[in-house]
Amino acid sequence: VFEVRVEPIFGGDGAIVGSIGAGSDVTERCELEQRLRAREQEFETLMAHAPDIVIRFDSDLRHLYVNDAIEAVTGLPPEEFVGRTNRELGMPEEQCALWERELGAVFEHGEARRFEFPFDDGVGGIRWFEAHVAPERNAAGEVETILSFTRDRTEARRAEQEKLASEVRYQELFERAMDMIVVLDREGRLVEGN
């Protein structure tokens, strides 16, 4: 692939008397641009179909990138987030304080963190999320941005709570049973009893 640049040559009276051109082989640059466009398309496809909310934050805690998954949770399109902080978006104070603390710790210590938090779904319910925030470093090794991956854990948390409640009920029934109940292992040794 060649790129050609042609410029007119003007005579003394301002009339065009000719032209001069130069060409250069830009095959490598074009191939690089095609690969870059393909990678960008691949990234956008991945992010568009990711079930997790993916956000990149700068050191001022502004959203640099937000994928489409955010809209299902907040009702706001990703474009509303870009360039703004959680406070500027009017998020609840508890959410703002939590994210400021967690992101601040990553910028300060340079280590990834995990945390859970409740989020009011706007229709009278609470959803639980788990966030994993990780540092992105520049060439000097300094934390330049933070990537956040946030997953809805509402159903998993509900199942964990139901399992715990079931275990408590089982333990109460086991302990309060009128009959003697024993659990033996394969060799006949007592494992548990009420």
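Residues numbered from 1 in each chain as written. Predicted model: local features only at pLDDT ≥ 70, side-chain atom pairs only at ≥ 80, totals over all residues. Heavy atoms only, no water.

Student: So what's going on with the packing of aromatic side chains? Which residues, and what values?
Tutor: Tallying each qualifying case throughout the model produces six aromatic pairs. Aromatic pair F115 and F117: ring centres 5.9 Å apart, planes at 35°, arrangement tilted. Each of the two residues, F115 as well as F117, counts as buried. Taking 6.3 Å as the distance between ring centres and 85° as the angle between the ring planes, the aromatic pair formed by F119 and F129 counts as edge-to-face. Remark: F129 occurs in strand β6 (residues 126-137) and F119 occurs in strand β5 (residues 113-120); sequence separation between them is 10 residues. Accessibility assignment for this pair places F119 and F129 in one class, buried. Through a chain of ring-to-ring contacts, three or more aromatic side chains come together here, namely F57, W99, F115, F117, F119 and F129. (Phe/Tyr/Trp six-rings, centres within 6.5 Å; stacked < 30°, edge-to-face > 60°. Buried < 20%, exposed > 50% of the residue type's maximum accessible area, 1.4 Å probe, protein only. Helix = DSSP H or I, 4+ residues; strand = E, 2+ residues; numbered from the N terminus.)

Student: Kindly report on the pairing of β6, identifying the contributing residues and their values.
Tutor: Pairing of β5 with β6 involves eight bridges; the strand directions are antiparallel. Opposite D120, over in β6, you have I126 as the bridge partner. Where β6 meets strand β7 (residues 143-152), nine bridges bridge the pair, whose relative direction is antiparallel. Looking at the pairing, F129 lines up with D152 of β7. The antiparallel pairing of β6 with β7 creates a hairpin that spans five residues between the two strands, and G141 there sits at a positive phi of about 85°. (Pairing = 2+ DSSP bridges.)

Student: How would you summarise the sheet that holds β5 if you had to cite specific residues and measurements?
Tutor: If you walk across this open sheet you meet the five strands as β4-β3-β7-β6-β5, and the pairing is antiparallel. Each edge of the sheet is formed by a strand with only one pairing partner; in this case those strands are β4 (63-66) and β5. In this sheet, adjacent strand axes meet at a mean angle of 25° when their direction is disregarded. Inspection of the sheet shows strand β3 (residues 53-57) paired to β7 by five bridges, in the antiparallel sense. Note on β7: the bridge partner recorded for I53 is T150. Seen against the sheet, helix α4 (residues 93-109) touches β3, β5, β6 and β7 and runs at an angle of roughly 170° to β5. Across the sheet, helix α5 (residues 154-176) touches β5, β6 and β7, and the angle it forms with β6 is around 120°. (Axes fitted to C-alpha atoms, helices over the stretch in contact; angles between N-to-C directions. Contact = heavy atoms within 4.5 Å.)

Student: For a nonpolar patch on the surface, give the residues involved together with the corresponding values.
Tutor: On the surface, a cluster of nonpolar side chains totalling about 460 Å² of accessible area is made up of M180, V182, L184 and L190. With respect to the helices and strands, L190 occurs in strand β9 (residues 190-193). (Patch = residues over 30% accessible without salt bridge, like charges linked within 9 Å, V, L, I, M, F, W, Y side chains within 5 Å. Areas by Shrake-Rupley, 256 points an atom, 1.4 Å probe, with all protein chains shown as cover. Salt bridge = Lys/Arg side-chain N within 4 Å of Asp/Glu carboxyl O.)

Student: How would you explain a negative patch on the surface if you had to name every residue and give the values?
Tutor: A cluster of acidic side chains, namely E40, E44, D68, E71 and E79, defines a negative patch on the protein surface. Here E44 lies in helix α1 (residues 27-49). (Lys, Arg positive; Asp, Glu negative; His and termini not counted. Charge placed at Lys NZ, Arg CZ, Asp CG, Glu CD.)

Student: Give me the pattern of salt bridges: which residues, what numbers.
Tutor: Overall, the coordinates contain 16 salt bridges when judged by the stated rule. For the salt bridge of E3 with R29, the shortest nitrogen-to-oxygen distance reads 3.2 Å. Of this pair, E3 sits in strand β1 (residues 2-10) while R29 sits in helix α1, and the two are 26 residues apart along the sequence. Under the relative-accessibility criterion, R29 is labelled partly exposed at 40%. A salt bridge links E93 to R87; the nearest nitrogen and oxygen atoms lie 2.5 Å apart. Judged by its relative accessible area of 43%, E93 is partly exposed. R87 sits in the partly exposed class, given a relative accessible area of 40%.

Student: So what's going on with the environment of E93? Residues and values would help.
Tutor: Examined against the element boundaries, E93 turns out to sit in helix α4. Counting along the chain gives 87 residues from E93 to M180, while the straight-line C-alpha distance between them is 54 Å.

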